[in-house]
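# Chains, contacts and geometry: an overview
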Amino acid sequence: MRILIVEDEKRLALSLAKGLTAEGYAVDVVHDGLEGLHRAGEAPYDLIVLDIMLPGMNGYRVCSALRAAGDDVPILMLTAKDGEYDEAEGLDTGADDYLTKPFSYVVLVARVRALLRRRRGAGATASPVLDLGGLRVDTAAHRVHRDEEEVPLTTREFAVLEQLALRAGEVVSKAEILEHVWDFAYEGDPNIVEVYVSTLRRKLGASLIRTVRGAGYRLEAR
Ligand code: CA
C-alpha cells in the first residue's frame, strides 16, 4: 500500500513516514500543497495524509481539487489543535477522516488501516483478515498462515502478497505491484517484483501465484 504524506512540519512528516514505512507501507513525503496535488496525480496512491495549513496551497484546496478531478483516493486530514479550522468545512471538501493535532501515532495507524479497509469495500469495521482458503492474510497484524501454519514474511514480501491477495483471482500487473509497494524514490529494476514473487512461491507454495504472460500475476484462491 502506498501513502502520500503532505505536511510542512518536517519533523512530524518524517516521523510519520518512518513509522508507516516500518509498518510496511511505501511512503512518499512532500512539504508543499501544490507539490502534493501534483504528486497525487502522478502515482496511484492508496491513501493521502494531508495537513491543512500548507505553503503553496492549503489542504482544503488540495482536497477539493483532487475530488473535482475525480480522484477518490482516501484522504486523512490533519487539523490544527486550536479548532481554528472547521471539520465540517473539511468534510465538505471531500476528506474521509480527521485527526486533530497532536495525535498519537497509534491512533493515526488505526485510522489509516480503517480507511484502507473501507477503500477495498470491506467496511471500516470489517475484519482485516483475508481468508482465501488455505491462505490467511491478516492485513492488520501482518501475519500470514498457509494451511494453518504461520509463514514468516519480511514487510516487503508481505506488501507484495497483500496486493495480490486483495485482488485474489484477478490479474495484477507488475507495474501495479511496483507502484503500490515501492515509493517514489525507487529507481531500481522493475523486475524486482519477480524476485519477490519467486520468494513468495518458495515460502507459500509454487501453485499459489500464477504468472499470466504479458499481463502480470494472479493469486489463485482455492
Ligand atoms: Ca502545517
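Residues numbered from 1 in each chain as written. Predicted model: local features only at pLDDT ≥ 70, side-chain atom pairs only at ≥ 80, totals over all residues. Heavy atoms only, no water.

Take the nonpolar core next. In this structure, Leu 135, Val 160, Leu 161 and Ile 177 are the most contacted members of the largest nonpolar core, which totals 26 residues. Mapped onto this core, the elements with two or more residues apiece are β7 (135–138), α6 (155–166), α7 (174–181), α8 (192–204) and β12 (216–219). It is α6 that contributes the most residues to this core, 6 residues altogether. If near-sequence neighbours (up to four positions away) are discounted, Leu 161 is found in contact with Leu 135, Val 137, Val 144, Leu 153, Leu 200, Leu 204, Leu 208 and Leu 219. (Core = buried A, V, L, I, M, F, W, Y, C linked by side-chain atoms within 4.5 Å. Buried < 20%, exposed > 50% of the residue type's maximum accessible area, 1.4 Å probe, protein only. Helix = DSSP H or I, 4+ residues; strand = E, 2+ residues; numbered from the N terminus. Contact = heavy atoms within 4.5 Å.)

Before going further, it helps to spend a moment on unusual backbone geometry. Each neighbour pair has its own omega, and for Lys 101 with Pro 102 the value is -5 degrees, a cis peptide bond. Structurally, Pro 102 can be placed in the loop between β5 (97–100) and α5 (105–119). Phi is positive for His 142, close to 55 degrees, though the residue is something other than glycine. Mapped onto the elements, His 142 comes out in the loop between β7 and β8 (143–146). Take His 142: its relative accessible area is 23%, and that puts it in the partly exposed class. With a phi close to 70 degrees, Glu 148 is a non-glycine residue in the positive phi region. Residue class for Glu 148 comes out exposed when judged on its relative accessible area of 67%.

Another point: the coordination of the calcium ion. The reference angle at a metal is 109.5 degrees if four donors form a tetrahedron and 90 or 180 degrees if six donors form an octahedron. All of the protein donors around the calcium ion are Asp 8 (OD), Asp 51 (OD) and Met 53 (O); their distances to the metal are 2.1 to 2.3 Å. Counting residues between consecutive donors of the calcium ion along the chain gives the motif D-x42-D-x1-M. With a gap of 43 residues between them, Asp 8 in the loop between β1 (2–6) and α1 (10–22) and Asp 51 in strand β3 (residues 47–51) connect regions that are remote in the sequence. Residue classification places Asp 8 among the partly exposed residues on the basis of a relative accessible area of 30%. Taking the relative accessible area as the measure of exposure, Asp 51 reaches 5% and is therefore buried. (Donors = N, O, S within 2.8 Å, 3.2 Å for Na, K, Ca; no water.)

Under the counting rule described, the total for this entry stands at 1 cavity of 30 Å³ or more. When its volume is computed, the largest cavity comes out at roughly 90 Å³. In terms of lining residues, the largest cavity is bounded by Met 1, Tyr 25, Arg 113, Leu 116, Arg 117, Arg 120, Thr 139, Ala 140, Glu 162 and Leu 166. For the lining of the largest cavity, the secondary structure elements donating two or more residues are α5 and α6. The biggest single contributor to the lining of the largest cavity is α5, with 3 residues. Broken down by class, the residue content of the lining of the largest cavity amounts to 5 nonpolar, 1 polar and 4 charged. When residues of the lining of the largest cavity are assigned to domains, at least three map to each of domain 1 (2–119) and domain 2 (129–219). (1 Å grid on protein atoms, 1.4 Å probe; cavity = no way out; pocket = protein on both sides within 12 Å on 5 of 7 lines; lining within 4 Å. Points joined across faces, edges and corners; volume = space filled by probe spheres on them. Nonpolar A, V, L, I, M, F, W, Y, C, P; charged D, E, K, R; others polar. Domains from an automatic or database assignment.)

What follows concerns the sheet that holds β8. One open sheet holds the 4 strands; their spatial order is β6-β7-β8-β9, and the pairing between them is antiparallel. At either end of the open sheet lies a strand with only one pairing partner, and these are β6 (129–131) and β9 (149–150). Relative to β8, β7 runs antiparallel, the two being bridged by 4 bridges. Across the sheet, residue Asp 138 finds its bridge partner in β8, namely Arg 143. The sheet strands contacting α6 are β6, β7 and β8, and the helix crosses β7 at an angle near 115 degrees. (Pairing = 2+ DSSP bridges. Axes fitted to C-alpha atoms, helices over the stretch in contact; angles between N-to-C directions.)

So, about the confidence of the model for the chain. Per-residue pLDDT for the chain has a mean of 89; in total, 92% of the residues score no lower than 70. Across the chain, the secondary-structure element scoring lowest on mean pLDDT is helix α4 (residues 87–92), at 63, and the one scoring highest is β1, at 97. (pLDDT = per-residue confidence, 0-100.)

Mapped onto the elements of the fold, Val 6 is located in strand β1. For Val 6, the contacting residues outside a window of four places in its chain are Val 30, Asp 32, Gly 33, Gly 36, Ile 48, Val 49, Leu 50, Asp 51 and Leu 54.

It is worth spelling out α7 at this point. What α7 keeps buried is the set Ile 177, Leu 178, His 180 and Val 181. Its buried side turned inward, α7 meets β1, β2 (26–30), α6, β10 (171–172), α8 and β12.

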